[in-house]
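Observations on the model geometry
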Amino acid sequence: MAHPLDGVDEKVNRAAEHAQALRDRLKTIDPAEFYDTVERSKPRPKGQMQMLLLEHRLRVLKEPPLKLGILAGDWAHNLRGALDHLVYQLAILDSPRPRAPEGTFFPIARSEREYLDPGRCDGPSLRERALAGIEEPHRALIDSEQPYVGRSRAAAERHTLAVLSSFANTDKHRLIHPAALRPLHITATPHVGQFRIEVLLPTRQPTVLSDDAEVYTLRITEIASQQVQVKTDLAFTIGFGNRGLTEADFLNMCEDIRALVN
């Protein structure tokens, strides 16, 4: 006989399968097929004759396949659905009525106010709407998992549940998350000539990059010869959403949700 939570487990398993499928698909993709960098000289500060500033900006050659965003959305749909199915099973367990209340879901709040304050027109709070028919001991367990509990607002925004909720809502209600470039590492070494080289990253570097975004700037000083050539190693991966989630993030979040369900 099937356990009431077998469906929840299968939802999490399916999400992990989508994340693995995305990983396998990305192994066949070379980011250089979609992106390149353009080098531009930047003005030197006054009095700094022995200095070169070489800015590198992103050039989008073509957009990655939309299918990548579809796989990411399927991952989010199943993982978010696992939490909602969990709450529905709790409602069945706790409700004295023949049928569980309609409209239950797993609430996710980034602040106590968002979780407990009345809704529109003094309606029920997010907690009350989501957990109708669920007894207080089970509610307390869900309360303790809220992203804001014991965390700052910034930390709550980075919590697995908050990130999953935002990602899933965008995919469900707004648009497919496009695949975008996410820098992994950048190194630069002298190749021809004698000089000192530094890699300068943008002060506010976005998680994912768009066309004409500044990737990095090379600051070359202590130049001792006419020739200056630099060997650069620039590695990218593909990320999704404003946090640039990768397939590794997706797999890790599956394990986080699996642990919460358990």
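Residues numbered from 1 in each chain as written. Predicted model: local features only at pLDDT ≥ 70, side-chain atom pairs only at ≥ 80, totals over all residues. Heavy atoms only, no water.

Looking now at the packing of helix H1 (residues 6-27) against helix H8 (residues 247-261). At a closest axis distance of 9 Å, the pairing of H1 and H8 adopts a crossing angle of 170°. In terms of orientation, H1 lies roughly antiparallel with respect to H8. When H1 is examined against H8, the residues Val8, Asp9, Val12, Asn13, Ala15, Ala16, Ala19, Gln20, Leu22, Arg23 and Leu26 are found in contact with a partner set consisting of Glu247, Ala248, Phe250, Leu251, Cys254, Ile257, Arg258 and Val261. The residue inventory of the contact of H1 with H8, partitioned by class, reads 13 nonpolar, two polar and four charged. (Axes fitted to C-alpha atoms, helices over the stretch in contact; angles between N-to-C directions. Helix = DSSP H or I, 4+ residues; strand = E, 2+ residues; numbered from the N terminus. Parallel < 35°, antiparallel > 145°, perpendicular 65-115°, else oblique. Contact = heavy atoms within 4.5 Å. Nonpolar A, V, L, I, M, F, W, Y, C, P; charged D, E, K, R; others polar.)

A separate point is H8. Given 3.6 residues per helical turn, the α-helix brings residues three or four places apart onto the same face. With 15 residues, H8 extends 21 Å between its outermost C-alpha atoms, agreeing within 8% with the 21 Å of an ideal straight helix rising 1.5 Å per residue. Every buried residue of H8 is accounted for by Glu247, Phe250, Leu251, Met253, Cys254, Ile257, Leu260 and Val261. Buried-residue contacts for H8 involve H1, helix H2 (66-94), helix H7 (160-173) and strand S6 (229-240). (Expected span 1.5 Å × (residues − 1). Buried < 20%, exposed > 50% of the residue type's maximum accessible area, 1.4 Å probe, protein only.)

Attention shifts here to the pattern of salt bridges. Evaluation of the coordinates by the stated rule reveals 19 salt bridges. Residues Arg182 and Asp249 are paired through a salt bridge, measuring 3.5 Å at the closest nitrogen-oxygen approach. In this pair, Arg182 is assigned in strand S3 (residues 179-192) and Asp249 in helix H8, connecting sequence segments 67 residues apart. Among the residues examined, Asp249 registers a relative accessible area of 24% and is labelled partly exposed. Among the ionic pairs, Arg258 bridges to Glu255, the shortest N-O distance being 3.5 Å. Of the two residues, Arg258 and Glu255 both sit in helix H8, three residues apart, roughly one turn of that helix. (Salt bridge = Lys/Arg side-chain N within 4 Å of Asp/Glu carboxyl O.)

Let's shift gears to the sheet that holds strand S4 (residues 196-200). Hydrogen bonds between backbone atoms are what pair the strands of a sheet, whose relative direction is either parallel or antiparallel. Pairing in this open sheet of four strands is antiparallel, and the strands run S1-S2-S5-S4 from one edge to the other. Each edge of the open sheet is held by one strand with a lone partner, namely strand S1 (35-42) and S4. On average, each strand axis in the sheet is tilted by 25° relative to the strand beside it, whichever way the strands run. (Pairing = 2+ DSSP bridges.)

As a further point, take the side chain of His56. Relative to the elements of secondary structure, His56 occurs in strand S2 (residues 51-60). Beyond its immediate stretch of four places on either side in the chain, His56 contacts Thr37, Val38, Glu39, Ala213, Glu214, Val215, Tyr216 and Leu218.

Scanning the entire structure with this criterion turns up five aromatic pairs. Aromatic pair Tyr115 and Tyr148: ring centres 6.1 Å apart, planes at 55°, arrangement tilted. On the criterion of sequence distance, the pair formed by Tyr115 in helix H3 (residues 112-116) and Tyr148 in the loop between helix H5 (136-144) and helix H6 (153-158) is long-range, its members being 33 residues apart. Tyr148 shares its class with Tyr115; the two are buried. (Phe/Tyr/Trp six-rings, centres within 6.5 Å; stacked < 30°, edge-to-face > 60°.)

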